[in-house]
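Below, each chain spelled out in residue letters.
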Amino acid sequence: MVTIKKDPPTIQFTTDRQPMHIIAVDLQRDFTTEGGACYHFRPCVHFIRKTLIPFCRNQGILVAEIISDYRRPRPGAPLTHCEPGTPGYESDLSDDVRHPDVWVKCMHSPVWVRKNGGLAAKSPGPPYPDPVGFSNWLATVIGPPAEHNPIVLIGLTLDCCLLCTAQELFFRGYRVEFLIDAVDTYNGKQEEKQFLFQNPLGNWGRPVSWQALTEEKQTIP
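Bear in mind the structure is a predicted one, so any value in this text is a computation, not a measurement.

The rules behind the values
Residues numbered from 1 in each chain as written. Predicted model: local features only at pLDDT ≥ 70, side-chain atom pairs only at ≥ 80, totals over all residues. Heavy atoms only, no water. Helix = DSSP H or I, 4+ residues; strand = E, 2+ residues; numbered from the N terminus. Buried < 20%, exposed > 50% of the residue type's maximum accessible area, 1.4 Å probe, protein only. Contact = heavy atoms within 4.5 Å. Core = buried A, V, L, I, M, F, W, Y, C linked by side-chain atoms within 4.5 Å. Phe/Tyr/Trp six-rings, centres within 6.5 Å; stacked < 30°, edge-to-face > 60°. Polar contact = N/O pair within 3.5 Å; in protein donor to acceptor, adjacent residues only side chain to side chain.

Draft legend 1. Expanded view of unusual backbone geometry. Here the amide bond leading from Arg72 into Pro73 is cis, since omega sits at 5°, within 30 degrees of zero. Structurally, the position occupied by Pro73 is in the loop between strand S2 (64-68) and strand S3 (103-105). With an omega of 15°, the peptide bond between Asn199 and Pro200 qualifies as cis. Within the fold, Pro200 resides in the loop between helix H5 (190-198) and strand S8 (206-208).

Here it is as structure tokens:
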């Protein structure tokens, strides 16, 4: 009897490259706008709105985006927020700089998704892991890991979803950079942010300032 081995799932990589690859995490109005369910004053939001988005628009850079559908049922989550169909679910990124293929997660790690995630008119299913789906999404919007072209992470929050996202990128072979000016912790305290860059975030990526990042990119052909 001959056993036929099945090939692993195929990952299709895009070939077009950008001068900078950026992934935004949870830049939703429940986090970024006063009155939102998870709002705290966070300086990174102003920087993203006033500096980063205009830069991306000028350079023709599309920002890949991970957003959340935090409706219940969700283990360990007593509250619903970032609910599809509400203002809190909406992104703070403008349409002209957002990649059209948005990844919708339902837990802190981006590999966790749900049936009907992001669909306001349909009831959400329970969270389940989809690591292959997340890998395929990365292949589509970013391409394969490249030593000279790391992924720049921006958004919220540094002590939770950004950390989990950095780990998943690291496990897949991507180099990660945290754009210091464009990330913050849940409470927005800058001293806590600086502490986290030393440990544990240093295990998964490199913190880089906006000035240093833009100077580096100008030297890359």
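Draft legend 2. Local environment of the environment of Glu192. Structurally, Glu192 is set in helix H5. Classification of Glu192 as partly exposed rests on a relative accessible area of 28%. Spatially, the C-alpha atom of Glu192 lies 9.7 Å from that of Leu158, the residues being 34 residues apart in sequence. The contacts of Glu192, once residues within four sequence positions are left out, are Asp159, Thr185 and Asn187.

Draft legend 3. Molecular detail of the nonpolar core. In terms of nonpolar packing, the biggest core is built from 55 residues, with Ile23, Leu52, Leu153 and Ile154 touching the most fellow members. Of the residues forming this core, the biggest block, seven residues, is contributed by helix H2 (residues 43-59). Here Ile23 is in contact with Ala64, Ile66, Trp137, Leu138, Ile142, Ile151, Val152, Leu153, Ile154 and Leu169, once residues within four sequence places are set aside.

Draft legend 4. Fine view of the packing of aromatic side chains. Tallied over the full model, the rule gives nine aromatic pairs. Plain terms: the ring middles of Phe134 and Trp137 are 5.9 Å apart, the flat faces sit at 20° to each other, and that makes the pair stacked. On the criterion of helical spacing, the pair formed by Phe134 and Trp137 is a turn pair, its members being three residues apart in helix H3 (residues 131-141). With a centroid separation of 6.3 Å and an interplanar angle of 50°, the aromatic rings of Phe178 and Phe197 are classed as tilted. Remark: Phe197 occurs in helix H5 and Phe178 occurs in strand S7 (residues 176-183); sequence separation between them is 19 residues. On the accessibility criterion, Phe178 (0% relative accessible area) is buried. For Phe197, a relative accessible area of 7% corresponds to the buried category.

Draft legend 5. Spatial organisation of the side chain of Asp184. In this fold, Asp184 is placed in the loop between S7 and H5. Polar contacts involving the side chain of Asp184 include one to the side chain of Gln190, which spans 2.9 Å. In this structure, Asp184 is in contact with Arg42, Pro43, Cys44, Gly155, Leu156, Thr157, Leu158, Gln190 and Lys193, ignoring residues within four places of it in sequence.

Draft legend 6. Representation of the environment of Gly155 within the structure. Along the chain, the position of Gly155 falls in strand S6 (residues 151-155). The class for Gly155 is buried, based on a relative accessible area of 0%. Residues Gly155 and Ile23 lie 132 residues apart in sequence; the distance between their C-alpha atoms is 8.3 Å. If we skip the residues at most four places from it in the chain, Gly155 touches Val25, Leu27, Cys44, Ile48, Leu162, Ala182, Val183 and Asp184.

Purely geometric numbers; function is a separate question.
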